[in-house]
Amino acid sequence: SQTIHQWPATLVQPVGSPLSLECTVEGTSNPNLYWYRQAAGRGLQLLFYSVGIGQISSEVPQNLSASRPQDRQFILSSKKLLLSDSGFYLCAWSPVLGGGQYFGPGTRLTVT
Amino acid sequence: DQQVKQNSPSLSVQEGRISILNCDYTNSMFDYFLWYKKYPAEGPTFLISISSIKDKNEDGRFTVFLNKSAKHLSLHIVPSQPGDSAVYFCAACYSGGSNYKLTFGKGTLLTVNP
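The structure displayed is predicted, hence computed values, not measured ones.

Residues and elements named next belong to chain B. Strand order in this open sheet of five strands is β1-β3-β8-β7-β6, and the pairing throughout is antiparallel. Strands with a single pairing partner mark the edges of an open sheet, and in this sheet they are β1 (4–5) and β6 (56–59). By the bridge criterion, four bridges tie β6 to strand β7 (residues 62–67) in an arrangement that is antiparallel. Residue pairing in the sheet places D59 in a bridge with F62 of β7.

Let us look at the side chain of R37 of chain A. Residue and element names in this part refer to chain A. Relative to the assigned elements, R37 resides in strand β4 (residues 32–38). According to the relative accessible area criterion, R37 is buried, its value standing at 12%. A distance of 3.0 Å separates a polar atom in the side chain of R37 from a polar atom in the side chain of Y89. Once residues lying within four places of it in the same chain are set aside, the contact partners of R37 are G43, L44, Q45, L47, Q62, L64, S84, D85, S86, F88 and Y89.

Below, the discussion takes up unusual backbone geometry. The omega torsion of the bond from W7 of chain A to P8 of chain A falls at 0°, within 30 degrees of zero and hence cis. Summarising the element assignment, P8 of chain A is placed in the loop between β1 (3–7) and β2 (10–13). Here V78 of chain B and P79 of chain B are connected by a cis peptide whose omega angle stands at -10°. Among the secondary structure elements, P79 of chain B is positioned in the loop between β8 (72–77) and β9 (86–93). Residue N30 of chain A is not a glycine yet carries a positive backbone phi of 50°. Considering the arrangement of structural elements, one finds N30 of chain A in the loop between β3 (19–26) and β4. When its relative accessible area of 35% is taken as the criterion, N30 of chain A is described as partly exposed.

This paragraph deals with the sheet that holds β3 of chain A. Residue and element names in this part refer to chain A. The antiparallel open sheet is built from four strands, whose spatial order is β1-β3-β8-β7. Looking at strand neighbours, the two that pair on one side only are β1 and β7 (64–70), the edges of this open sheet. Pairs of neighbouring strands in the sheet enclose a mean axial angle of 20°, with direction left out of account. Summarising the sheet, β1 and β3 pair through five bridges and their orientation is antiparallel. Looking at the pairing, Q6 lines up with C23 of β3.

Further remarks concern the environment of P14 of chain A. Residue and element names in this part refer to chain A. You can see P14 is positioned in the loop between β2 and β3. The partly exposed category is assigned to P14, whose relative accessible area is 45%. A C-alpha to C-alpha distance of 35 Å links P14 and Q2, two positions twelve residues apart in sequence. Not counting chain neighbours up to four residues away, the residues in contact with P14 comprise L81, V111 and T112.

Let's shift gears to the pairing of strand β5 (residues 44–52) of chain A. All names here are of chain A. Across the nine residues of β5, seven count as buried, placing the element largely inside the fold. Two strands pair when backbone bridges link them, and β4 and β5 are joined in this way by six bridges, in the antiparallel orientation. Paired with Y36 across the two strands is L46, which belongs to β5. Sheet topology note: the β5/strand β6 (residues 55–58) ladder contains three bridges and is antiparallel.

Attention shifts here to the side chain of T107 of chain A. All names here are of chain A. Structurally, T107 is set in strand β11 (residues 107–111). Of the residues examined, T107 reaches a relative accessible area of 0% and is grouped as buried. Among the polar contacts made by the side chain of T107, one reaches the main-chain carbonyl oxygen of P8 at a distance of 2.5 Å. Dropping the residues within four chain positions of it, T107 is found in contact with Q6, W7, P8, A9, L21, G87, F88 and Y89.

Conventions we followed
- Residues numbered from 1 in each chain as written.
- Chains lettered and ligands numbered in written order.
- Predicted model: local features only at pLDDT ≥ 70, side-chain atom pairs only at ≥ 80, totals over all residues.
- Heavy atoms only, no water.
- Pairing = 2+ DSSP bridges.
- Helix = DSSP H or I, 4+ residues; strand = E, 2+ residues; numbered from the N terminus.
- Buried < 20%, exposed > 50% of the residue type's maximum accessible area, 1.4 Å probe, protein only.
- Polar contact = N/O pair within 3.5 Å; in protein donor to acceptor, adjacent residues only side chain to side chain.
- Contact = heavy atoms within 4.5 Å.
- Axes fitted to C-alpha atoms, helices over the stretch in contact; angles between N-to-C directions.

The structure is reproduced here in structure tokens:
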């Protein structure tokens, strides 16, 4: 069966510090991968998605970036965090032929 | 411009009664719709989906209805249980592309009272 992992589960970082959140998927090949952020009162906002290694599409302009160095690894990064980057970050995957997305447990990021 | 709208931020229901969660969409390209349930500090869990070729899909206590002409879908939970208390997200996508991007509503907080 497929599983999706995210770490860390929680993170407290000062403004201006770098960020690296990691997501890995097991039990499937060539998944589509997604990064979302849930900010208070704003639902789930799609940040990036990837349909293959090295292929990243950005949905919103921001100081975050994403990379997919391996088929089942998706990384969310920032060189300098802003206060507004605080939120709950979720990684998700979907089968290459679609059918819905499946979410990881999330990372709670607090920028202080 | 919100393409998927959940106009009720919260809903409170008695245990054993029916919960009806509503969702409206504006993009006529959407042809696949999903409902997710989310507890605090956890990732959303997929509940049920429906393709635009259907108007109803049922899975146990959960039924999703789709009214394409009204661009409206609803999730019915019968009977409601206290464990159903969570935020419910409606999501939509166009299945003809290769990225299967989902557009989410802002969610409805369901509280089922014992």
